[in-house]
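Structural characterization, general
Next come the chains, spelled out residue by residue.
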Amino acid sequence: MEGLNILWESTGLANFQWAQIVMMLVGLGLLYLAISKKFEPLLLLPIGFGAVLTNIPVAGLAEPGGLLYYTYQIGIGSGIFPLLIFMGVGAMTDFGALIANPKMLLLGAAAQTGIFATLFGAILLNFIPGFDFTLADASAIAIIGGADGPTAIFLASKLAPDLLGAIAVAAYSYMALVPIIQPPIMKALTNEKERKIVMEQLRPVSAKEKMIFPLMVLMGTILFLPAATPLVGMFCLGNLMRECGVVDRLSKTAQNELINIVTIFLGLSVGSKLSAEEFLTVETLGILALGAVAFAIGTACGVLMAKLMSKLSGGKINPLIGAAGVSAVPMAARVVNKVGLEANPHNFLLMHAMGPNVAGVLGSAVAAGILLALVAPPL
Amino acid sequence: MENNIGSILLEAANLLLVGMVSVFLFLGLLIVCINLMSKLVGGDAPASTSVKTPSRTRNVQKNVKDDKVVAAISAAVHQYRQDHK
């Protein structure tokens, strides 16, 4: 009889706490979104599964000695996984559209307003009882507005590790929701005539220019913003491997095998942060709300900046492309293309939107660097 | 507490200003650099069209050679088909 009792004590049934069940349901919800709705499945699937594994009673997968504990410490606690992903993204990014039309960098900069405005908003939330965000917390939350998963995880792991789960989930969910969040904002801020503007074809860019570009960006970062060099440096390494043409094997590995392997472990490690005591708080709700606001402000500022540039250039720029200034490559550019086609079925804006889109990646990495340089991490 | 939030708010507003200015400055600097680089190196793109002019004669020669090769191959094919009827 006693043996049976001991056996019962070691089952999941006897040890479940209600919070763990709720978190498992959250994990299953993420799995549902990934599989049925195809929301960023590459990340939400491992994150969702990681959340389920973490909340298994007795097994302690996310406690010292458990698999997820180590993958988190090695990969995210150290900041290595997001950087490896960034190298892969660099190897996948073609800067041709941006080099052909460098003014697009201004759109990538304007869309970062979302990040800094949200930082302000996060501190404002402190007036509501139940919220207690420090400046470091607020910065980590605000970077969701950059719509760049790896950057958000990198910054959160440095500035607010305890909020990492909620921030990562918010960042990736909103990236998946780009096609739903952006179009209404884009349409509200532009008129039919502006959406119909057809843009000039971009000039061809030489291989030499594409090769020098990553080195130039790296030099600029080294000189003016060393805090951003982990992100920008890995990004430029990937991009140089892509463009130099002599290490195709490395470039292919960075953008396929390596990024896939890292994505699996990154997802699982982020999932391990979805434990009941860290996720089931009012602050998580605040983070989700702030993330949406950050995203909306970023989109709006990008479009407004593009509108201004359109006016100054005498109507040569379609203001829609400003929305691609939030990174979310290439989803944001595709959304721009789609909204443009709705206004004028012969107007393909995809290539023009890729410029601000890749500028947005650089912009959010730079913004992350600035936040890292100015905001002290918690002790 | 209220006072404390006030001071953090001020700091956040400061960050908003400094952050946006530096993002714009940095990316603006990059625009200048890209334009400079395009002037220095990017001359390639229009240059490639001007290179085409002298190479045209070579292309003509190549075409003549191609024609001969095509003629030889079609003759061989014809022969082969004749033999294997």
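As the structure is a computational prediction, the values presented were derived from the model and not from experiment.

By a widespread convention, an interface's size corresponds to the accessible area lost as its parts come together. Contacts between the two partners involve 40 residues from chain A, matched on the other side by 29 residues from chain B. For the pair chain A and chain B, the two sides together bury roughly 3,100 Å², of which 88% comes from carbon and sulfur. Our count for the contact surface shared by chain A and chain B stands at zero salt bridges. If you list the elements that add at least two residues to the side of chain A that touches chain B, you get α8 (104-110), α9 (113-124), α15 (207-224) and α21 (350-374) of chain A. Element by element, the count of residues in the side of chain A that touches chain B is highest for α15(A), at nine residues. Looking at the side of chain A that touches chain B residue by residue, the class counts come to 28 nonpolar, eight polar and four charged.

With that settled, the discussion passes to a nonpolar patch on the surface. A grouping of M219(A), I222(A), L223(A), F224(A) and L29(B) is seen on the molecular surface, where their side chains present a nonpolar patch of about 520 Å² in accessible area. The biggest single contributor to the nonpolar patch is α15(A), with four residues. Considering the arrangement of structural elements, one finds M219(A) in helix α15.

Another aspect to go through is the confidence of the model for chain A. The share of residues in chain A with pLDDT of 70 or more is 100%, and the mean pLDDT across the chain is 92. Element-level pLDDT for chain A is lowest in helix α18 (residues 276-279) of chain A, with a mean of 85, against a maximum mean of 96 in helix α16 (residues 229-244) of chain A.

With that settled, consider the pattern of salt bridges. When the charged atoms of two side chains with opposite charge come close together, those side chains can pair. Residue and element names in this part refer to chain A. This structure, assessed with the given rule, holds seven salt bridges over all chains. With its nearest N and O atoms 3.0 Å apart, the salt bridge here joins E342 to K187. Of this pair, E342 sits in helix α20 (residues 331-343) while K187 is found in helix α13 (residues 178-189), placing the two residues 155 residues apart along the sequence. Judged by its relative accessible area of 37%, K187 falls in the partly exposed class. The salt bridge partner of E243 is R242, with a shortest N-O separation of 3.2 Å.

Reading the values: the criteria
- Residues numbered from 1 in each chain as written.
- Chains lettered and ligands numbered in written order.
- Predicted model: local features only at pLDDT ≥ 70, side-chain atom pairs only at ≥ 80, totals over all residues.
- Heavy atoms only, no water.
- Contact = heavy atoms within 4.5 Å.
- Buried area = accessible area lost by both parts, 1.4 Å probe.
- Salt bridge = Lys/Arg side-chain N within 4 Å of Asp/Glu carboxyl O.
- Helix = DSSP H or I, 4+ residues; strand = E, 2+ residues; numbered from the N terminus.
- Nonpolar A, V, L, I, M, F, W, Y, C, P; charged D, E, K, R; others polar.
- Patch = residues over 30% accessible without salt bridge, like charges linked within 9 Å, V, L, I, M, F, W, Y side chains within 5 Å.
- Areas by Shrake-Rupley, 256 points an atom, 1.4 Å probe, with all protein chains shown as cover.
- pLDDT = per-residue confidence, 0-100.
- Buried < 20%, exposed > 50% of the residue type's maximum accessible area, 1.4 Å probe, protein only.

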